[in-house]
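Reading the structure
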Amino acid sequence: MAHLLVVESWVGSMSRLLPRAIREGGHAFTFLTRDLHHYLRSAPEGTAHPLLGARHVITADTNDTEALLPQVARLHEVFAFDGVLTSCDYYLPAVARIAGHLGLPGPGPEAVEHACRKDATRRVLAEAEVPGPRFAVHEEWTDLRRAAREIGYPLVVKPVDLCAGMYVRRVDDEEQLAAAVRALAGFPVNARGQHRSPAVLLEELLDGPEVSVETVSYAGTVQVVGVTDKSIGGAPAFIETGHMFPAALPAADTEAAERTALAALTALGLVDGVVAHTEIKLTPAGPRVIEVNPRPAGNRITELVRHVTGIDLAAAFVDVSLGRAPDLRRRDTGLRSAAIGFLVPHASGTLAALDGGRLQDTAGVLEMQLAEPGRPVTAAGSNNEYLGHVMAGDADGPGARARVEALLGELRSGLVIR
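Quick caveat: nothing in here was measured; it's all calculated off a predicted structure.

**Describing the overall build of the chain**
The number of helices and strands found in the chain is 12 helices and 19 strands. For 418 residues, the compact-globule formula gives about 22 Å, and the C-alpha radius of gyration of the chain, at 21 Å, lands near that figure. When the backbone C-alpha atoms are referred to their principal axes, the chain occupies close to 55 × 55 × 45 Å. Classification of the 418 residues of the chain by burial places 53% in the buried group. Entry remark: accessible area of the chain is about 17,500 Å², with carbon and sulfur atoms responsible for 50%. Mean positive and mean negative side-chain charge positions of the chain (40 and 51 charges, respectively) differ by 2 Å.

So, in structure tokens, the structure goes:
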């Protein structure tokens, strides 16, 4: 039995999937956090949070990596950790540094830092000639205004150090650019209390469908698990409204997306001890890298993969974090595709009604999770405001997405926000 150090986590599905994978692998974990109440607040009513299944729960300032390293080294002397990991983007660089400091398995700290900073990712990939959008990075308004004119409208404004689509906006002119930059400047500290960079990333707006390539890297070899499609809504924001695995693409497009993702991971140096989620835009001129995430996919994409292939990416994440070969054998699950759709609120208020009971037993439904009436609702501006999701599978082919869209239509008909 191995002993893992888990440094923070998201409070969504991975906070449940990761402890489950650790437990089913026969391992134990110690949980390190700066704010235990952050997780207690997110626990379902009447249920202990899965992260509290840790062997030990220790509080430390996880936002101060320099002070954290000697603290973790002292813990390591007592607990003898075999690996360290996190599912939260904001702590991936700290975990990579901890692993290096303790001599534990994992990718190089510089590679993770570059992947977690969108501006650094752009520069590394551009130097390696991995295709991406034209871009510019600046802090001052005069520089941003000039760069926007050079790239040309419409374009995309991004923070360099946030995730879940937060403050990512399409802008069509200088007035919209100014508004997007002001909104971003008004959010100087992220949700975990970390001070943000004032740098703003401007990117060429790319046309074409978006997919993600799910990979597992071990011992210098990157293995592609598959390609997931993505639907986007909420303009001018870029909100993920659904996914299907595998993506219903021509073989040539699938292979091109995979090659591009592998090139990006190689350029960044993410070829050992990483489960990655690389987002690709399939433009008329060929695949272009949107971003590289050095952790398992969110939004329950890992569960779509498991339902179709039998491959457990959460378990693979645990394995490679321990320096062990992951089990990536495909199994016959009886499904050819699986899809998830998210209920995205387009208005603010209070959730008055949302009933999915009649759909729970519908053929093909794999899971459904809906918000309870009485919950405050905010019109969606990122992937953080969902009112729930429905997941379905198809045993015959790529019909899971159509099934999910039909189910979402029924849910929307009963949605009332006042």
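**Here we look at the sheet that holds strand β15 (residues 349–353)**
The 3 strands are arranged β17-β15-β19 in an open sheet whose pairing can be described as antiparallel. Two strands bound the open sheet, and with one partner strand each, they are β17 (376–377) and β19 (416–417). Pairing geometry for β15 and β19, over 2 bridges, is antiparallel. When the bridges of β19 are listed, L351 appears paired with I417.

**Focus: the UniProt feature "domain: ATP-grasp" (unreviewed entry) in the chain**
Within the UniProt annotation, "domain: ATP-grasp" (unreviewed entry) is assigned to residues 122–322. For residues 122–322, the helix share is 32%, the strand share is 32%, and the end-to-end C-alpha distance is 30 Å.

**Overview of a nonpolar patch on the surface**
Together, L40, L52 and V57 line one region of the surface with nonpolar side chains, adding up to about 210 Å² of accessible area. Assignment of secondary structure puts V57 in strand β3 (residues 56–59). By relative accessible area, V57 is classed as partly exposed at 35%.

**Quick look at the state of the cysteines**
Tallied over the entire structure, the rule returns 0 disulfides. Of the cysteine sulfurs around C116, a residue in no disulfide, the closest is that of C163, at 9.1 Å.

**What about the sheet that holds strand β6 (residues 155–159)?**
In space, the 4 strands of this open sheet follow the order β5-β8-β6-β7, with antiparallel pairing throughout. Two strands close off the open sheet at either side, each with one partner strand: β5 (135–138) and β7 (169–171). Geometrically, the sheet is characterised by an average inter-axis angle of 25° between neighbouring strands, direction not taken into account. Two elements, β5 and strand β8 (residues 200–204), share 4 bridges in a ladder whose sense is antiparallel. Looking across to β8, one finds that V137 is bridged to L201.

**Remarks on the packing of aromatic side chains**
On inspection of all chains with the given rule, the structure shows 5 aromatic pairs. With centroids separated by 5.9 Å and ring planes inclined at 50°, the aromatic side chains of F79 and F81 adopt a geometry described as tilted. The exposure class of F81 is buried, given its relative accessible area of 3%.

**Points about the pattern of salt bridges**
If you walk through the whole model with that rule in mind, you get 25 salt bridges. Here D89 ties to R295 by a salt bridge, and the two come within 3.1 Å at their closest N and O atoms. Note that D89 is positioned in the loop between β4 (83–85) and α4 (92–102) and R295 in the loop between β13 (286–293) and α10 (301–309), a separation of 206 residues in sequence. By relative accessible area, D89 is classed as buried at 11%. A relative accessible area of 11% means that R295 is categorised as buried. D172 serves as the salt-bridge partner of R170, at 2.9 Å between the closest nitrogen and oxygen. Among the charged side chains, a network of salt bridges with common partners joins E210, K230, E240 and E279.

**Quick word on the packing of helix α3 (residues 65–79) against α4**
The interhelical angle for the contact between α3 and α4, taken along N-to-C directions, is 45°, at an axis separation of 10 Å. Considering their axes alone, α3 and α4 lie oblique with respect to each other. The two elements α3 and α4 meet at a crossing, and its hand is right-handed. Touching T65, E66, L68, L69, V72, A73 and H76 of α3 are A94, R97, I98, H101 and L102, all from α4.

**Quick look at the packing of helix α7 (residues 141–151) against helix α8 (residues 174–185)**
Put simply, α7 and α8 touch, their axes get as near as 11 Å, and they point 135° apart. Relative to α8, the element α7 lies oblique. Crossing of α7 over α8 shows right-handed handedness. When α7 is examined against α8, the residues W141, L144, R145, A148 and R149 are found in contact with a partner set consisting of E174, L177, A178 and V181. In the contact of α7 with α8, the residues fall into 6 nonpolar, no polar and 3 charged.

Reading the values: rules and limits
For every chain, the first residue of its written sequence is number 1, and the numbers climb from 1 along that sequence. The predicted nature of this model means local features are confined to residues of pLDDT at least 70 and side-chain atom pairs, given and counted, to a pLDDT of 80 or more, with totals for whole chains, interfaces and linings taken over all residues. The side-chain values count all of the structure's non-hydrogen atoms but skip hydrogen atoms and water molecules. Each helix corresponds to a stretch of at least 4 residues labelled H or I by DSSP, and each strand to a stretch of at least 2 residues labelled E; elements are numbered beginning at the N terminus. Every radius of gyration here is taken over C-alpha atoms, with the globule rule written as 2.2 Å times N^0.38, N being the number of residues. Type-normalised accessible area, obtained with a 1.4 Å probe on protein chains alone, sets the label of each residue: buried when under 20%, exposed when over 50%, and partly exposed for intermediate values. All accessibility values rest on the Shrake-Rupley procedure with a 1.4 Å probe; residue burial counts only the protein chains present in the view. Asp and Glu are treated as the negative residues and Lys and Arg as the positive ones, with His and the ends of the chain left uncounted. For the purpose of locating charges, the reference atoms are NZ of Lys, CZ of Arg, CG of Asp and CD of Glu. Strand pairing is defined by DSSP finding a minimum of two bridges between the two strands. UniProt positions are given in the numbering used here, feature names are shortened, and annotations may be inferred rather than shown by experiment. To count toward a patch, a residue needs a relative accessible area above 30% and no salt bridge. Like charges then connect within 9 Å, nonpolar side chains (Val, Leu, Ile, Met, Phe, Trp, Tyr) within 5 Å. In what follows, salt bridge is the name for a side-chain nitrogen of Lys or Arg lying within 4 Å of a carboxyl oxygen of Asp or Glu. Cysteine sulfur pairs qualify as disulfides if the two atoms are within 2.5 Å. Axis definition: a line fitted to C-alpha atoms, limited for helices to the stretch in contact. Angles are taken between N-to-C directions and run from 0 to 180 degrees. Aromatic pairs are defined between Phe, Tyr and Trp rings, using the six-membered ring for Trp, whenever the two ring centres lie within 6.5 Å; interplanar angles under 30 degrees are classed as stacked, those over 60 as edge-to-face, and all others as tilted. Roughly parallel means an angle under 35 degrees; roughly antiparallel, over 145; roughly perpendicular, 65 to 115; everything else is oblique. Here a crossing is taken to be left-handed if its near helix is turned anticlockwise relative to the far helix by less than a right angle, and right-handed if that turn runs clockwise. Should any heavy atoms of two residues lie within 4.5 Å, those residues are considered in contact. Only Asp, Glu, Lys and Arg are considered charged in this grouping, and only Ala, Val, Leu, Ile, Met, Phe, Trp, Tyr, Cys and Pro are considered nonpolar; every other residue, Gly among them, is considered polar.

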